[in-house]
Amino acid sequence: MKPSREPIHGQWSSRWAFVLAATGSAVGLGNIWKFPYITGENGGGAFVLLYLVCIVLIGIPIMMAEIMLGRRGRRSPINTMRHLAQEEGRHGWWRYLGWLGILSGFLILSYYSVIAGWALAYLVRTAGGVFTGLTADGVNNIFYSLVADPERLLAWHTVFMVMTMVVVARGVRSGLERAVRYLMPLLLLLLLVLVGYAMNTGAFQQSLVFLFSPDFSKLTPNSVLIAMGHAFFTLSLGMGAIMVYGSYLPRHVSITHATFTIAGADTLVALLAGMAIFPIVFANGLTPAAGPGLIFQTLPIAFGRMPGGEFFGALFFLLLIFAAWTSAISLVEPLVAYMVENMRMSRVMASALAGGVTWVLGLGTIFSFNLWSGERYKLWGLTFFDVLDYLTVNIMLPLGGLLIAVFAVWAMRRESSISELGIGDGPVYRSWRFVTRYITPVAVLLIFLHAIGVLKPWLNRL
Ligand code: PHE
C-alpha cells in the first residue's frame, strides 16, 4: 500500500504556525531549567561549546531529517516509519523506531511534569511575595521544603498533567498556534530583563567567563555524552515529537528555513537563561553545581530584591510554565496520534489514558526527592529520577536520532529525500546529505563509545 501524502490529523495553517509550534516544543524546561544546571555541573565554557557543536553537527541535520520523514509519512511516527520503510523497500522493523520514540516521550513526560509542577508552585510563591527580601539561605529553604513534601509535589504534578492532557485532547492546532505567537516573544523579553538585572549584580563578567571561556580539562567522557544528549533533548529530537509536528506541515514549506529558525531561537533562549542565572549564582556565593534546583534557588533571590519583583517573578514563572506546557504537549502527541490511528480511540479517550499512565509513573520522580532519596533506594548512587533522565536523554534520544539519520540518508532513496526537502540537488542538499551520512552518525557513535569506555569515573562522580 502506498501511503497517501495527505495528513490525517489536519495541517498547520502556515509555515509560521509550524515554526511556532515546533519552537514551542523545543523551548521549554530544557532551556531554562536544565541547560543552566547541567552547565553548572559540567564546568561551564567547554561544556557550552560542546553543546553548541552538537547542535550544529548533530541537532540541525537530524532535525531536518526528522521533519522530512514526518511530512513524507504524514502519520504518527510508528505508522510513518512503517509506511516509509515499505515505500523504500526496507525492513518492517523500522517501525520499532517509532515505538522507541513513544516510549522515550512517555518516560520523559513523567518527570517533566513533576518539574513543571515546581514552576507552578513557584508561581504562587512569587506572586504572593514570599521571596521579598530573603537571603540566599532563605530561598534555599523554601526550595527544600517544597521538594521534601511529596503531597505538594503530587498536587502540582497533577495540575500540570491535567493542563497538558486538556490541550492534547482538543487537538494540537486549536489555540496552540496563537498562544505561542505572543507568549514566546514575551518570554524572550523577560529573559532580557533578567539579563539586564544580572548585569548589575557585579558578577556578570565572571559568569561570561564561566559560560564562554572553555577549559577542556573540566570535561569528562560523561559530560560529553550529557552535552550531546542535551542537544537532542532541547531540540525535541529523536523521539518523534518533531516528526509528528512535521507530519502536519504543508508541502510548500521550506524545511531548511524552519529548522534554522527553530534551532536558533532555542539556542538563544538557553544562552540568555545561562546569562541571567550565573551572575546571581556567583554574586551570592552559591555553587554552580547545585543540580536540578539551581534556577529555583537563584532566580527568586533576584525577584526578592528587584523593584516590582513580585510581578516580574510571577510573570517569569508563568511563561516558564507555558513553555513547559507546549513542550509537554509534543511529548505525548506521538503516542496519542498512534492511539487515534491504530486503536480507533477518540482523542479525548487517548489523552486521558496516556495522561493517566504517565501521571502514575511521575510518582517515581516525586519520591526521588523525598521518600526515595535515601541511599537504599538508589541504583549506582542515582535516584529514580536521575536514572530516568540519564537513560532517556543521554541514551534513548541519541539512539532514536541516530536511527532517524540513518534511515533518512542510508535507507531512503536519494530521490525521495530530494523531492521531500524540496531544495533541489544543490549545495544545501548535498551538504546536508554529506553531514547526515558521515559526520552525524559517526559523532553520535563516538560519543557513545567514549562514554562507555570510561564509565567508572562517571559513576564515582555522581
Ligand atoms: N525540548 C523540550 C525542552 O527543552 C523537551 C522535549 C524533549 C520536548 C523531547 C519534546 C520532545 O524542554
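Just so it is clear, the model here is predicted, and its values are computed rather than measured.

Chemist: Account for the overall build of the protein, with residues named and values stated.
Modeler: A tally of helices and strands in the protein yields 19 helices and 0 strands. Against the 2.2 N^0.38 benchmark of 23 Å for 462 residues, the protein shows a C-alpha radius of gyration of 21 Å, consistent with a compact globule. When the backbone C-alpha atoms are referred to their principal axes, the protein occupies close to 65 × 50 × 45 Å. Scored against the burial criterion, the 462 residues of the protein give a buried share of 61%.

Chemist: With reference to specific residues and values, describe the site of the ligand.
Modeler: In the vicinity of the ligand there are 15 residues, among which Ala26, Gly30, Tyr112, Phe233 and Ser236 approach most closely. Here a nitrogen atom of the ligand and a backbone polar atom of phenylalanine 233 are 2.7 Å apart. One nitrogen or oxygen atom from the main chain of threonine 234 is found 3.2 Å from a nitrogen atom belonging to the ligand. Here the ligand loses 100% of its free accessible area of 320 Å² to cover by the protein chains. Those elements that place two or more of their residues in the shell around the ligand are α1 (15–26), α2 (29–41), α10 (221–234) and α14 (309–342). Tallied by class, the residues present in the shell around the ligand amount to 7 nonpolar, 8 polar and no charged.

Chemist: Lay out helix α13 (residues 294–305) in plain terms, naming residues and giving numbers.
Modeler: With 12 residues, α13 should reach 16 Å at 1.5 Å per residue; the first-to-last C-alpha distance of 18 Å fits that figure. With respect to burial, α13 is a largely interior element, 11 of its 12 residues being buried. Restricting attention to buried positions, one finds in α13 the residues Leu294, Ile295, Phe296, Gln297, Thr298, Leu299, Pro300, Ile301, Ala302, Phe303 and Gly304.

Chemist: I'd like a rundown of the packing of aromatic side chains, residues and numbers included.
Modeler: Evaluation of the coordinates by the stated rule reveals 31 aromatic pairs. Their ring planes at 70 degrees and their centres at 6.2 Å tell us that tryptophan 372 and phenylalanine 384 sit as a pair that is edge-to-face. Of the two residues, tryptophan 372 is situated in the loop between α15 (347–368) and α16 (384–411) and phenylalanine 384 in helix α16; the sequence distance between them amounts to 12 residues. One Lys or Arg, lysine 34, reaches over the ring of phenylalanine 233 and ends 5.0 Å from the middle of that ring. Above the ring of tryptophan 410, the side-chain terminus of arginine 437 is found at 3.8 Å from the ring centroid.

Chemist: Kindly report on the side chain of asparagine 370, identifying the contributing residues and their values.
Modeler: Tracing the chain through its elements places asparagine 370 in the loop between α15 and α16. For asparagine 370, the side chain forms a polar contact with the main-chain oxygen of valine 147, separated by 2.7 Å. Setting aside anything within four residues of it in sequence, one finds asparagine 370 in contact with Val147, Ala148, Asp149, Pro150 and Leu153.

Chemist: Please provide a residue-by-residue account of a nonpolar patch on the surface, values included.
Modeler: The grouping of Leu49, Val53, Val56, Leu57, Phe216, Trp410, Phe434, Tyr438 and Ile439 at the surface amounts to a nonpolar patch, some 800 Å² of accessible area in total. At the level of secondary structure, the elements contributing two or more residues to the nonpolar patch comprise α3 (45–73) and α18 (427–453). When residues in the nonpolar patch are grouped by element, the largest group, 4 residues, is from α3. Along the chain, tryptophan 410 falls in helix α16. The partly exposed category is assigned to tryptophan 410, whose relative accessible area is 41%.

Chemist: So, the nonpolar core: which residues are in play, and what are the values?
Modeler: If you look at the biggest cluster of nonpolar residues, it comprises 169 residues, and the most contacted ones within it are Phe18, Leu69, Trp118 and Phe316. Ranked by the residues each element gives to this core, the list is headed by α14, at 19 residues. If we ignore the near neighbours within four places in the chain, the residues touching phenylalanine 18 are Trp12, Ile67, Tyr245, Gly246, Leu249, Ala258 and Ile262.

So, how was this worked out
- Residues numbered from 1 in each chain as written.
- Predicted model: local features only at pLDDT ≥ 70, side-chain atom pairs only at ≥ 80, totals over all residues.
- Heavy atoms only, no water.
- Helix = DSSP H or I, 4+ residues; strand = E, 2+ residues; numbered from the N terminus.
- Rg over C-alpha atoms; globule rule 2.2 N^0.38 Å.
- Buried < 20%, exposed > 50% of the residue type's maximum accessible area, 1.4 Å probe, protein only.
- Near = heavy atom within 4 Å.
- Polar contact = N/O pair within 3.5 Å; in protein donor to acceptor, adjacent residues only side chain to side chain.
- Areas by Shrake-Rupley, 256 points an atom, 1.4 Å probe, with all protein chains shown as cover.
- Nonpolar A, V, L, I, M, F, W, Y, C, P; charged D, E, K, R; others polar.
- Expected span 1.5 Å × (residues − 1).
- Phe/Tyr/Trp six-rings, centres within 6.5 Å; stacked < 30°, edge-to-face > 60°.
- Lys NZ or Arg CZ within 6 Å of the ring centre and 35° of its normal.
- Contact = heavy atoms within 4.5 Å.
- Patch = residues over 30% accessible without salt bridge, like charges linked within 9 Å, V, L, I, M, F, W, Y side chains within 5 Å.
- Salt bridge = Lys/Arg side-chain N within 4 Å of Asp/Glu carboxyl O.
- Core = buried A, V, L, I, M, F, W, Y, C linked by side-chain atoms within 4.5 Å.

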